[in-house]
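Listed here are the chains, written in short residue letters.
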Amino acid sequence: MAFNLNDNAADELPEQHDINVTPFIDVMLVLLIIFMVAAPLATVSVPVKLPSSAAKQQPPVDKPLYLTIQQDLTLTLGEKQQLESEQLAEALSAQSHPTDKAIFLRADHKLEYGELMTIMNLLGEAGYHKIALVGLEQVSESAL
């Protein structure tokens, strides 16, 4: 049998011995929303339809430099710098990209071969002889 000898105990609030997780959940939901909004911004922003390739995937390169050629022959160096073909050598030297490192060339799948070779020749004249062609992975028929 238990009884309370303290008469003024009714005036005090009882102690709470568990953790309030509501603020933690609120913070996590805010972080989730921030990451959901920021994730699409981290993708490639230059729209180009790449051809598919059956080559094996290569290991990633540190700080690659991309040159994108769209179907209308618009050149984009990196992700944002649009330029004309006459400005290509000057823009590459301004990027201070070493000539012994590869330039990753992304070209639209409907681009004519002669136009692609013209751009590759301009890269060669600028001193860049290591050119890597970027393509989409081709799904093998045995995987289907």
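Since the structure is predicted, the reported quantities are computational estimates derived from the model, not experimental observations.

1. Quick notes on the overall build of the protein chain
- Broken down by element type, the protein chain carries three helices and seven strands.
- From first element to last, N terminus to C terminus, the protein chain shows the α and β order α-β-β-β-β-α-β-α-β-β.
- Carbon together with sulfur atoms contributes 58% to the accessible area of the protein chain, which is approximately 11,800 Å² in total.

2. Digging into the nonpolar core
- Leu67, Ile69, Leu77, Leu88, Leu92, Ile103 and Leu123 are the most contacted members of the largest nonpolar core, which totals 17 residues.
- When near neighbours in sequence (up to four residues on either side) are disregarded, Leu88 contacts Leu67, Leu83, Ile119, Leu122 and Leu123.

3. Some points on the packing of aromatic side chains
- Evaluation of the coordinates by the stated rule reveals one aromatic pair.
- Between Tyr66 and Phe104, the ring centres sit 5.6 Å apart and the planes meet at 45°, which makes this aromatic pair tilted. Here Tyr66, found in strand E2 (residues 65-69), pairs with Phe104, found in strand E5 (residues 103-107); they are 38 residues apart in sequence, far enough to count as distant.
- Overall, the relative accessible area of 24% leaves Tyr66 in the partly exposed class.
- Residue classification places Phe104 among the buried residues on the basis of a relative accessible area of 17%.
- Stacked on the ring of Tyr66, the Lys or Arg Arg106 has its end atom at 4.3 Å from the ring centre.

4. Concerning the pairing of E2
- With respect to burial, E2 is a largely interior element, four of its five residues being buried.
- Looking at chain direction, E2 and E5 are connected through five bridges and run parallel. Counted as the bridge partner of Ile69 is Ala107 from E5.
- As paired strands, E2 and strand E3 (residues 75-77) are joined by three bridges and run antiparallel to one another. Residue pairing for E3: Ile69 is matched across the bridge by Leu75.
- Taking the residues between adjacent antiparallel strands as the criterion, E2 and E3 are bridged by five residues, where Leu73 takes a positive phi near 65°.

5. Here we look at the side chain of Thr76
- Summarising the element assignment, Thr76 is placed in strand E3.
- We classify Thr76 as buried; its relative accessible area is 2%.

6. Let's talk about the sheet that holds E3
- Ordered in space as E4-E3-E2-E5-E6, the five strands form an open sheet in which the pairing is mixed. Edge positions in the sheet fall to strand E4 (81-83) and strand E6 (131-133), since each of these pairs with one other strand and no more. Taking the axes of each pair of neighbouring strands and ignoring which way they run, one obtains an average angle of 25° across the sheet.
- Across the sheet, helix H2 (residues 88-95) is in contact with E2, E3, E4 and E5; its angle to E4 comes to roughly 155°.

Basis of the calculations
- Residues numbered from 1 in each chain as written.
- Predicted model: local features only at pLDDT ≥ 70, side-chain atom pairs only at ≥ 80, totals over all residues.
- Heavy atoms only, no water.
- Helix = DSSP H or I, 4+ residues; strand = E, 2+ residues; numbered from the N terminus.
- Areas by Shrake-Rupley, 256 points an atom, 1.4 Å probe, with all protein chains shown as cover.
- Core = buried A, V, L, I, M, F, W, Y, C linked by side-chain atoms within 4.5 Å.
- Buried < 20%, exposed > 50% of the residue type's maximum accessible area, 1.4 Å probe, protein only.
- Contact = heavy atoms within 4.5 Å.
- Phe/Tyr/Trp six-rings, centres within 6.5 Å; stacked < 30°, edge-to-face > 60°.
- Lys NZ or Arg CZ within 6 Å of the ring centre and 35° of its normal.
- Pairing = 2+ DSSP bridges.
- Axes fitted to C-alpha atoms, helices over the stretch in contact; angles between N-to-C directions.

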